[in-house]
Structure formats: structure tokens, C-alpha cells
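Breakdown of the fold
Read off the chains here:
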Amino acid sequence: MRKQIVAGNWKMNKTLTEAQSLTSEIANMVADEAPDNVQVIIAPPYPFIYAVQNLIPEMGQILLSGQNCHSEDSGAFTGEVSASMLKSLGAQYVILGHSERREQFKETDQELAKKVDAALKNDLKVIFCCGEPLEVREANEQNKYVTQQLTNSLFHLSEEAFKNIVIAYEPIWAIGTGKTASSAQAQEMHETIREHLASKFGKLAEETSILYGGSCKPDNAKELFSQKDVDGGLIGGASLKSRDFTDIIKSF
Ligand SMILES: O=C[C@H](O)COP(=O)(O)O
């Protein structure tokens, strides 16, 4: 049985006090309302990870994630944060390859492969993002584009290492735009991703959680999560409101 996951990517939002309030609200709502079988992950900005970890119950239904990490453990990389630092702050996951990192910070598939290795070496699980821009979708090249991203950054892993990977499919044209992929478009791509992963990792692909991201909200989450190969969501904007985020978690 695949793990159902709802992860909130807070991106560069909130002050410390706001982050603490949001975490407390989410912790209370999840304790009272969330189905036990859903793994909840929150990814606050780096400086808040340590400060919010005490607000999360120890049972582990809510885990913490970084939004990125460097590929080296330490060194002269001003402004960067390593996987070992995230681990020492209490994070269990890290998001890698988000389209905002790929586009704005020019992260390449090859660099991401190194970041994946650094994360796994430091016992972090990886939420690995993939997804196509609008022009690729319009040219109907999305399957080739996304599977190539996966091949380039993940296919060097051993089966043992790959068990620690969660995939997030995020059509770039749907991120923060209010446009959502239809549930049929999401299912089609998730199935393509699973088949591609199976070509390298065999049966493990059936165990891999594949999340959808891109304007996922309380009013469309149920329809998206009901698709056979959609195992949850990577939520941006709606994860900044405890009510919306919890309602998404309750959508399975
Ligand atoms: O990491 C989350 C995704 O970029 C989706 O963001 P969004 O829900 O604001 O569209």
C-alpha cells in the first residue's frame, strides 16, 4: 500500500511568529480531524524549521522538510544550507528540483542528482519535483520532458536508495496560477511517471508515492486524490492557511 502524503511548501512566506502560529494551528487541526493514514509534511523556510519543531506532536503524523539543500556537506558556499544541517534541525525530508529552483536559480538535472545523493547520505527522504512548462505541454512533449528529468536525476540510484524518494509532479503552468491540471491530465502523467520508474526500479515503482502539485485547493483535492496514481499533493498557496491545508488533508 502506497503512503498517502500531503506536503505543504510554504516557499518564502511568513515571519517567525506567523510560522509558529500556523504550525500550532495545523498541529491541532491534524490531531482532531486528519485521517491517521495520511502523512503530513510541512516545509517552512530554513530559519523556522528548528523553532517550529517543538510545536509538532512527537507521534510523527507531521514531519518537517527543507525546501532545498546544497550538494556539499559544508564549505565556502555563502548563503547555502546543507543536507546535514537540515537533518540536525529536525527535518526528515527535503524538496529538491522544485520548478522555482530550476527556473530562477538555474538548477540542472545533473546538479539535482548530486543534491539527491547528499540528501540520502544524510538520511533525508527526498520529495523530487518534476514537471513541464506551458510550451512543452502545448507541443504535447510533456511525457518525454518529465521522464527525462527523472532519468537524469534519479536513475543512478540503487533500489535501496530509491525507496527514500517521493515524486511530486508539478505542471509549471499550474503553479500559483489558479489553473489546475484536470484530474485526467494528472492521472495520465502520474501513470506515465510510474511506468517510467518501473522500467528502472521494477516493483518499487508501485510503492512510490507520486504527489500532484499546482493550484491544488480544498475544492479540487478530492477529485485529484481519487485518481489511481495520485497519492497526495505538494501544496503551495493553500498550505499557508491552516483551514485550507487541513481540508486538503481530509480529501482522501
Ligand atoms: O510547491 C508547491 C507548488 O509549487 C504548488 O504551488 P501552488 O499550490 O501555490 O500552485
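As the structure is a prediction and not an experimental result, all values here were calculated from the model.

Thresholds, definitions, all that
- Residues numbered from 1 in each chain as written.
- Predicted model: local features only at pLDDT ≥ 70, side-chain atom pairs only at ≥ 80, totals over all residues.
- UniProt positions renumbered as here; feature names shortened; annotations may be inferred.
- Buried ≥ 20, exposed ≤ 12 C-beta atoms within 10 Å, placed from the backbone.
- Helix = DSSP H or I, 4+ residues; strand = E, 2+ residues; numbered from the N terminus.
- Contact = placed C-beta atoms within 7 Å.
- Axes fitted to C-alpha atoms, helices over the stretch in contact; angles between N-to-C directions.
- Parallel < 35°, antiparallel > 145°, perpendicular 65-115°, else oblique.
- Left-handed = near helix turned anticlockwise from the far one by under 90°.
- Nonpolar A, V, L, I, M, F, W, Y, C, P; charged D, E, K, R; others polar.
- Arc of directions from axis to C-beta.
- Near = placed C-beta within 6 Å.
- Pairing = 2+ DSSP bridges.

The next subject is the UniProt feature "binding site: substrate" (unreviewed entry) in the chain. UniProt marks Asn9, Trp10, Lys11, Gly176, Ser215, Gly236 and Gly237 with the feature "binding site: substrate" (unreviewed entry), using the numbering shown here. A stretch of 229 residues holds the annotated residues, and the largest C-alpha distance among them is 14.0 Å, short enough that they meet in one place. Ser215 sits in the buried class, given 21 other C-beta atoms within 10 Å. Along the chain, the position of Gly236 falls in the loop between strand S8 (232-235) and helix H12 (242-249). On the neighbour-count criterion, Gly236 (21 C-beta atoms within 10 Å) is buried. Every residue in contact with Gly236, bar those within four places of it in the chain, is listed here: Asn9, Lys11, Ile175, Gly176 and Gly213.

Turning to the UniProt feature "active site" (unreviewed entry) in the chain, a few remarks are in order. In the numbering used here, UniProt assigns the feature "active site" (unreviewed entry) to His98 and Glu170. A stretch of 73 residues holds the annotated residues, and the largest C-alpha distance among them is 8.3 Å, short enough that they meet in one place. Following the sequence through the fold, His98 ends up in the loop between strand S4 (93-96) and helix H4 (99-104). His98 sits in the buried class, given 27 other C-beta atoms within 10 Å. The topology assignment puts Glu170 in the loop between strand S6 (165-169) and helix H9 (183-201). Assessed through the 27 C-beta atoms surrounding it within 10 Å, Glu170 is described here as buried. Those residues in contact with Glu170, other than ones at most four positions away along the chain, are Ser99, Cys129, Gly131, Ile175, Gly213, Gly214 and Leu234.

Here the focus is the packing of helix H5 (residues 109-121) against helix H7 (residues 142-154). One can describe the packing of H5 onto H7 by two numbers: an axis separation of 7 Å at closest approach and a directional angle of 50 degrees. With respect to H7, the element H5 is oriented oblique. The handedness of the crossing between H5 and H7 is right-handed. Residue-level inspection shows Asp109, Gln110, Leu112, Ala113 and Val116 of H5 in contact with H7, the latter providing Gln149, Asn152, Ser153 and Leu154. For the contact of H5 with H7, a count of residues per class yields four nonpolar, four polar and one charged.

Regarding H12, the residues found buried are Phe245, Thr246, Ile248 and Ile249. Looking down the long axis of H12, one finds its buried residues gathered within 155 degrees of arc, a one-sided arrangement.

Attention shifts here to the site of the ligand. In the vicinity of the ligand, 14 residues are found, and the nearest of them are Asn9, Ile175, Gly213, Gly236 and Gly237. A per-class count over the shell around the ligand returns five nonpolar, eight polar and one charged.

Moving on: the pairing of S8. Along any regular strand, the residues point their side chains to alternate faces of the sheet. In S8, alternate side chains face the same way, and those of Gly232 and Leu234 on one face and Gly233 and Ile235 on the other are all buried. Pairing geometry for strand S1 (residues 4-9) and S8, over four bridges, is parallel. Looking across to S8, one finds that Ala7 is bridged to Leu234.

Another point: unusual backbone geometry. A positive phi angle, close to 85 degrees, is found at Lys14, a residue other than glycine. Looking at the secondary structure, you find Lys14 in the loop between S1 and helix H1 (16-33). Overall, the presence of 18 C-beta atoms within 10 Å leaves Lys14 in the partly exposed class.

Within the secondary structure layout, Ala27 lies in helix H1. With near-sequence residues (within four places) excluded, Ala27 lies in contact with Leu55, Ile56, Pro57 and Ile62.

Let us look at the environment of Phe252. Note on placement: Phe252 falls in the segment after H12. Taking the C-beta count within 10 Å as the criterion, Phe252 has 16 such neighbours and is therefore assigned partly exposed. In this structure, the C-alpha to C-alpha distance between Phe252 and Gln149, residues 103 residues apart in sequence, is 28 Å. Excluding residues within four positions of it along the chain, Phe252 makes contact with Gln4, Pro35, Val38 and Phe225.

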